[in-house]
Amino acid sequence: MEFIKNIFWNKQEKRLRMVRRLTLQTTLLIILLILSEALLSLASALLFSEAPFTTLPGELGSSSRLSLLAEFMVRGFLLSLSVWLAGYFIDRRPFSDFGFRINSSWWKEFWFGIGLGGTLITAIFLLELAAGWIRPIGFFVTNHPGLQFPAAILIPLLIFIMVGFYEELLSRGYHLKNLAEGLSGKYIQPRTAILLASLISSAVFGIFHAANPNATFSSTLNICLAGILLSTGFLLTGELAMPIGLHISWNFFQGNVFGFPVSGVDFRSASLIQIQQSGPEWLTGGAFGPEGGFLGIISNLLGILLIILWIKRRTGKVVLQTTISLPPTGKSKTSNLSSGSYTSELFQGIQHIIWDWNGTLLNDLDLCLATINGMLYKRGLNSVSPSTYLDIFGFPVRDYYLKLGFDFSEEPFEEISTEFIRSYEAGRPGCTLMDGTKELLQFFLTNELSQSILSASKNSYLEQAVLDYKVQDYFVLIEGLENHHAASKFSLAVDHLDKLRLPPNSILLIGDTLHDADIADKLGLRCCLIPNGHHSKQRLEKSSATLVDSLAALKKLYIYSLEKSIQIPK
């Protein structure tokens, strides 16, 4: 019985194995689509006075544009719902893990994808135009009775936005990620696993399009290659921003800007340019569109190269994001070297470490307690014990002061904050770095992990402190807030990531408070918390971050990962 259970159940990850997860998600999607078919047909008859929706129209003009838009909206919603449900109940991961850790970097990758898709199709159009294989026969063409061109072209644009989102969510976000997790293991290293997953998911992507009108064996192979193009952005960033943007603009420019068929389907009910196609079909793709010809292959290969060059320019290196092959993490995890639990995950795929300063590298807990108790005594307020401090300190510190009993109606928060920082800075030279700080910073530097500091301290004070402790040379970036009021460092963290120019899931944030964990969660960073600073271990255990008892233990985890042959990109 145990053997049979192991076939279906991954005991270590506490969830179903990969094949079962994929099967259940597919089954769920089919059930949802079948149940919706009657509703779609009823809506079509009542709202549009038409026959039931078709699965894939050969020509957009053959049915009501609004009914077709409604069909894509419903199907897109159901597909997204099936992935969300499968992710939550079967995969046991948040939806953001499928490639939606959205921040400013995510949007930059999205817009690059938009530009790349439009550029590649424009290149095909210009080449065929120069060769005499296409002839423009109309401009700003619409087959929508009673609709002006701007309104008419909006419908296919909305359709392609939805298609780009839900096809990438399914093929790259769900299929590729689950395949990578399932293949990665004792015999297949993470890099190999995600490359195999990319090939398999791209093959499935091509097969899905094999039933399209005018499809051929060659067009199916070409769509498989297009799947690899779309996978490239995901594999190198860990996010779906670039694939979604590329997918949207590729389809829209193909069908509604330059008037080509889109994967064999005629979406040209409204197009900027109407064309007449000629030329050798093995080059142009003929009735299937550019995706079915040799020019489509060249365009896909060029797109892969341009993605690599753009990421190289933006981040300085091109690295497969092996975090794609990691199973989802649950709630707070405390590392355990004896069991090996979670140890191989913490550093896998990490290229950069962001350090918090106060309470993480600088041992200033006693100074903070002494300073705040001196201020409380001065005002006749009760002092705070070390255990109480660890349980109530947090960000914004304004709320923490209120919990201590300060009355801002009598004294403005800004004056109280200034008093604290003056007393703190006077005593700060008496603080020491955490045990093993310099050794660990040097160790990571030797292992080619870049490092930076992100602190809620005022930037001028932070820079001076780093100089005083002679650790400035370990960091490529040192940033604190513009003032000493310590409201939040989230906005600063967003700017910090933009300056680092690295994929969020290749960054490990190490701190000592729940605020650090919250920032990491919102920005898609890996997070490690060390409970020897300003929050108690009990509080930190409520987060989803990995807990490590000390800096020395953190070094052991990295060494353990190396000994287990976890491939950590340099």
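Residues numbered from 1 in each chain as written. Predicted model: local features only at pLDDT ≥ 70, side-chain atom pairs only at ≥ 80, totals over all residues. Heavy atoms only, no water.

Digging into the packing of aromatic side chains
Our working rule: Each aromatic pair joins two rings of Phe, Tyr and Trp (for Trp, the six-membered one) with centres within 6.5 Å, and gets the label stacked for planes under 30 degrees apart, edge-to-face for over 60, and tilted for any other angle. When a residue's accessible area, from a 1.4 Å probe over protein chains only, is under 20% of the maximum for its type it is buried; when over 50% it is exposed; and in between it is partly exposed. Whether a charge lies above a ring is judged from NZ of Lys or CZ of Arg, which has to be within 6 Å of the ring centre and within 35 degrees of the ring normal.
Taken as a whole and judged by the stated rule, the model has 35 aromatic pairs. Judged by centre distance (6.0 Å) and plane angle (75°), the ring pair of F95 and F98 falls under edge-to-face. Taking the relative accessible area as the measure of exposure, F98 reaches 1% and is therefore buried. The interplanar angle of 15° and the centroid separation of 5.3 Å between the aromatic rings of F95 and F100 together place this pair among those described as stacked. An aromatic cluster of three or more residues is present, and its members are F95, F98, F100, W106, W107, F110, W111, F165 and Y174. Looking at R172, its charged tip hangs above the ring of F205, at a distance of 4.5 Å from the centre. Taking NZ or CZ as reference, K458 lies 5.5 Å from the ring centre of Y461, over its face.

So, the pattern of salt bridges
For clarity, the threshold we go by: Note on definitions: salt bridges are taken to be side-chain nitrogens of Lys or Arg within 4 Å of carboxyl oxygens of Asp or Glu. We count a stretch as a helix when DSSP gives it H or I for four or more residues in a row; a strand needs E for two or more, and each element gets its number in order from the N terminus.
One pass over the structure, following the stated rule, counts 19 salt bridges. Between D468 and R428 there is a salt bridge, with the nearest N and O atoms lying 3.0 Å from each other. Taken together, the residues span a long stretch of sequence, with D468 in helix α17 (residues 459-468) and R428 in the loop between α15 (413-427) and β8 (432-433) at a distance of 40 residues. Judged by relative accessible area, which is 38%, D468 ranks as partly exposed. The class of R428 is buried, set by a relative accessible area of 5%. One salt bridge in this structure joins D516 and K489, with 2.8 Å as the shortest N-O distance. Of this pair, D516 sits in helix α19 (residues 514-523) while K489 sits in the loop between β10 (477-481) and α18 (490-500), and the two are 27 residues apart along the sequence. Since its relative accessible area comes to 3%, K489 is described here as buried. Here the salt bridges share partners, and the residues they tie into one network are R15, R21, D91, R93 and E181.

Remarks on the environment of R191
Inspection of the secondary structure assignment puts R191 in helix α6 (residues 190-208). With 133 residues separating them along the chain, R191 and I324 place their C-alpha atoms 9.5 Å apart.

Considering the environment of N447
The condition that has to hold: Counting of polar contacts relies on pairs of N or O atoms within 3.5 Å, with two restrictions inside protein: one atom must be capable of donating a hydrogen and the other of accepting it, and residues adjacent in sequence are counted only when both atoms are side-chain atoms.
Looking at the secondary structure, you find N447 in the loop between α16 (437-446) and β9 (450-458). N447 gets classed as buried once you look at its relative accessible area, which sits at 15%. Note: C-alpha distance between N447 and Q351 (96 residues apart in sequence) is 10.0 Å. Of note is the side chain of N447, whose polar atom sits 2.8 Å from the backbone oxygen of F443.

A word on α19
Using the following cut-off: Contacts are residue-level and defined by heavy atoms, with any inter-residue pair within 4.5 Å sufficient.
Within the sequence span of α19, burial applies to H515, D516, A517, I519, A520 and L523. In this structure, the buried residues of α19 make contact with α18, β11 (507-511) and β12 (526-529). Of the residues trailing α19, G524 is marked for its positive phi of about 75°.

Some remarks on the state of the cysteines
Keep this limit in mind: Pairs of cysteine sulfur atoms within 2.5 Å are what we label disulfides.
Scanning the entire structure with this criterion turns up zero disulfides. Of all cysteine sulfurs, the one in C368 lies closest to C431, which takes part in no disulfide; the gap is 7.5 Å. This cysteine, C528, is not joined by any disulfide, and C527 carries the nearest cysteine sulfur, 7.0 Å off. Among the residues examined, C528 registers a relative accessible area of 0% and is labelled buried.

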